[in-house]
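Survey of secondary and tertiary structure
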Amino acid sequence: MLFAIADCGNSSIIGKWRMAGSNATVWEFSSNGAVLLGDVRGRYKFGDQDRIKIETPFATTVYLVKISSDQLVLEEPGGSKLEFTKISETQR
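Described below are features of the structure shown in this document. Keep in mind that what you see is a predicted model, and the values were worked out from it rather than measured.

Helix and strand content of the protein chain: one helix and eight strands. Each helix and strand of the protein chain, placed in order from N terminus to C terminus, yields the pattern α-β-β-β-β-β-β-β-β. Residues counted as buried form 25% of the 92 residues belonging to the protein chain. Across the protein chain, contacts joining residues at least 24 apart in sequence account for 27% of those joining residues at least 6 apart. By element, 52% of the accessible surface of the protein chain is carried by carbon and sulfur atoms, the whole surface being about 6100 Å².

Attention shifts here to the nonpolar core. Counting residues in each nonpolar core, the largest one holds 17 residues, and the members touching the most others are Trp27, Phe29, Ile52, Ile54 and Leu74. When contributions to this core are tallied by element, the ones reaching two or more residues are β1 (15-19), β2 (26-29), β3 (34-37), β4 (40-46), β5 (51-55), β6 (60-68), β7 (71-75) and β8 (81-86). Once residues within four sequence positions are removed from consideration, Trp27 is found in contact with Gly15, Lys16, Trp17, Met19, Leu36, Leu37, Gly38, Ile54, Tyr63, Leu74, Leu82 and Phe84.

Turning our attention to the packing of aromatic side chains. Throughout the structure, instances matching the rule amount to four aromatic pairs. Ring centres of Trp27 and Phe84 lie 4.8 Å apart, and the angle between their planes is 50°; this geometry places the pair in the tilted category. Of this pair, Trp27 sits in strand β2 while Phe84 sits in strand β8, and the two are 57 residues apart along the sequence. The pair formed by Trp27 and Phe84 is uniform in burial state, with each residue classed as buried. The interplanar angle of 85° and the centroid separation of 5.2 Å between the aromatic rings of Phe29 and Tyr44 together place this pair among those described as edge-to-face. One end of the pair, Phe29, is in strand β2; the other, Tyr44, is in strand β4, and 15 residues separate them in sequence. Taking relative accessible area as the criterion, Phe29 reaches 1% and is therefore assigned buried. Among the residues examined, Tyr44 registers a relative accessible area of 7% and is labelled buried.

Unusually for a residue other than glycine, Asp50 sits at a positive phi of about 55°. The exposure class assigned to Asp50 is partly exposed, which follows from its relative accessible area of 45%. Positive phi values are uncommon outside glycine, yet Ser69 reaches one of about 45°. Its location among the elements puts Ser69 in the loop between β6 and β7. On the basis of relative accessibility, which here comes to 68%, the residue Ser69 falls in the exposed class.

Another aspect to go through is the sheet that holds β7. Hydrogen bonding along the main chain pairs the strands of a sheet, whether they run parallel or antiparallel. Around the barrel, which closes on itself, the eight strands sit in the order β1-β2-β3-β4-β5-β6-β7-β8 with antiparallel pairing between neighbours. Looking at each pair of strands side by side, their axes are set apart by 30° on average, direction ignored.

Each value, and the rule that gives it
Residues numbered from 1 in each chain as written. Predicted model: local features only at pLDDT ≥ 70, side-chain atom pairs only at ≥ 80, totals over all residues. Heavy atoms only, no water. Helix = DSSP H or I, 4+ residues; strand = E, 2+ residues; numbered from the N terminus. Buried < 20%, exposed > 50% of the residue type's maximum accessible area, 1.4 Å probe, protein only. Contact = heavy atoms within 4.5 Å. Areas by Shrake-Rupley, 256 points an atom, 1.4 Å probe, with all protein chains shown as cover. Core = buried A, V, L, I, M, F, W, Y, C linked by side-chain atoms within 4.5 Å. Phe/Tyr/Trp six-rings, centres within 6.5 Å; stacked < 30°, edge-to-face > 60°. Pairing = 2+ DSSP bridges. Axes fitted to C-alpha atoms, helices over the stretch in contact; angles between N-to-C directions.

So yeah, pure geometry; function would need other evidence.
Structure below.
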């Protein structure tokens, strides 16, 4: 059952996501575990309890992840949130 949840979350995160706010950084998640955070390359991995670990050359952060259709919310343990909207193919 946990693997089914992780697989479902894994496939729904794949694609480009635009961060809410003035800087509008785009994060791109690939199916092979690679992530591009603006110009910074990194790796991501799903854990248990709706968690995702994102590793870059500068930091490793674990977030609580919530995905619903075209909305993505990454919440840090301290409570700060990063909110994203999925970029559809037609918006490119």
